[in-house]
Amino acid sequence: MISVTDDASVTGEPDTRALDDLLDDIYRGQERVTQADIYRRAVAADLPADLLARLDSLPEGEYTVDEVSDLLGGSVG
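Residues numbered from 1 in each chain as written. Predicted model: local features only at pLDDT ≥ 70, side-chain atom pairs only at ≥ 80, totals over all residues. Heavy atoms only, no water.

**Overview of the packing of helix α3 (residues 35-44) against helix α4 (residues 49-56)**
For any two helices packed against each other, one specifies the inter-axial angle together with the distance between the axes. Remark: α3 packs on α4, axes separated minimally by 9 Å, with the N-to-C direction vectors making an angle of 170°. In terms of axis orientation, α3 runs roughly antiparallel to α4. Within the contact between the two elements, α3 uses Q35, I38, Y39, A42 and V43 and α4 uses L52, L55 and D56. Broken down by class, the residue content of the contact of α3 with α4 amounts to 6 nonpolar, 1 polar and 1 charged. (Axes fitted to C-alpha atoms, helices over the stretch in contact; angles between N-to-C directions. Helix = DSSP H or I, 4+ residues; strand = E, 2+ residues; numbered from the N terminus. Parallel < 35°, antiparallel > 145°, perpendicular 65-115°, else oblique. Contact = heavy atoms within 4.5 Å. Nonpolar A, V, L, I, M, F, W, Y, C, P; charged D, E, K, R; others polar.)

Structure follows, in structure tokens:
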């Protein structure tokens with residue numbers, strides 16, 4: 001059961017839990033990952049279109065988890 005505080009739509013904030021979980025998984029044992037790899041894994045994980053668009057907007061290159069989090073405004077760190 002989801003509590004009211006767990007529902008991002010109630011707070012007006014985007015729900016980035018799926019993205020946070022995906023990034024945790026992608027970066028397990030990796031220091032840097034390319035934008036293309038992150039996007040490919042996000043598509044395979046069937047993330048919502050709004051999150052895919054955010055990932056697709058990242059410039060090509062390699063990123064640490066902190067860099068991706070900062071660029072996307074997420075909470076992973």
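The rest of the description comes next.
**Side note on the side chain of T64**
In this fold, T64 is placed in the loop between β2 (62-63) and α5 (65-72). For T64, a relative accessible area of 18% translates into the label buried. With residues near it in sequence (within four places) discarded, T64 still touches Y27, E31 and R32. (Buried < 20%, exposed > 50% of the residue type's maximum accessible area, 1.4 Å probe, protein only.)

**A short note on helix α2 (residues 17-26)**
Among all positions in α2, only L19, D20, L22, L23 and I26 are buried. End-on view of α2: buried residues confined to an arc of 165°, all on one side of the axis. Along its buried surface, α2 packs onto β1 (33-34), α3, α4 and α5. (Arc of directions from axis to C-beta.)

**Here we look at the environment of Q35**
Its place among the elements puts Q35 in helix α3. Note on Q35: relative accessible area 8%, which makes it buried. Spatially, the C-alpha atoms of Q35 and D56 are 7.9 Å apart, while their sequence positions differ by 21 residues. When neighbours within four sequence positions are excluded, Q35 is seen to be in contact with L55, D56, L58, P59, E60, G61 and Y63. Within polar-contact distance, the side chain of Q35 engages the backbone oxygen of L55 at 3.1 Å. (Polar contact = N/O pair within 3.5 Å; in protein donor to acceptor, adjacent residues only side chain to side chain.)

**Things to note about the nonpolar core**
Core analysis: the biggest nonpolar cluster contains 17 residues, and L19, L23, Y27, I38, L47, L55 and V68 have the highest contact counts within it. Counting only elements with at least two residues in this core, the list comes to α2, α3, α4 and α5. At 4 residues, the largest contribution of residues to this core is made by α2. Apart from the residues lying within four places of it in its own chain, the contact partners of L19 are L47, L51, L55 and L72. (Core = buried A, V, L, I, M, F, W, Y, C linked by side-chain atoms within 4.5 Å.)

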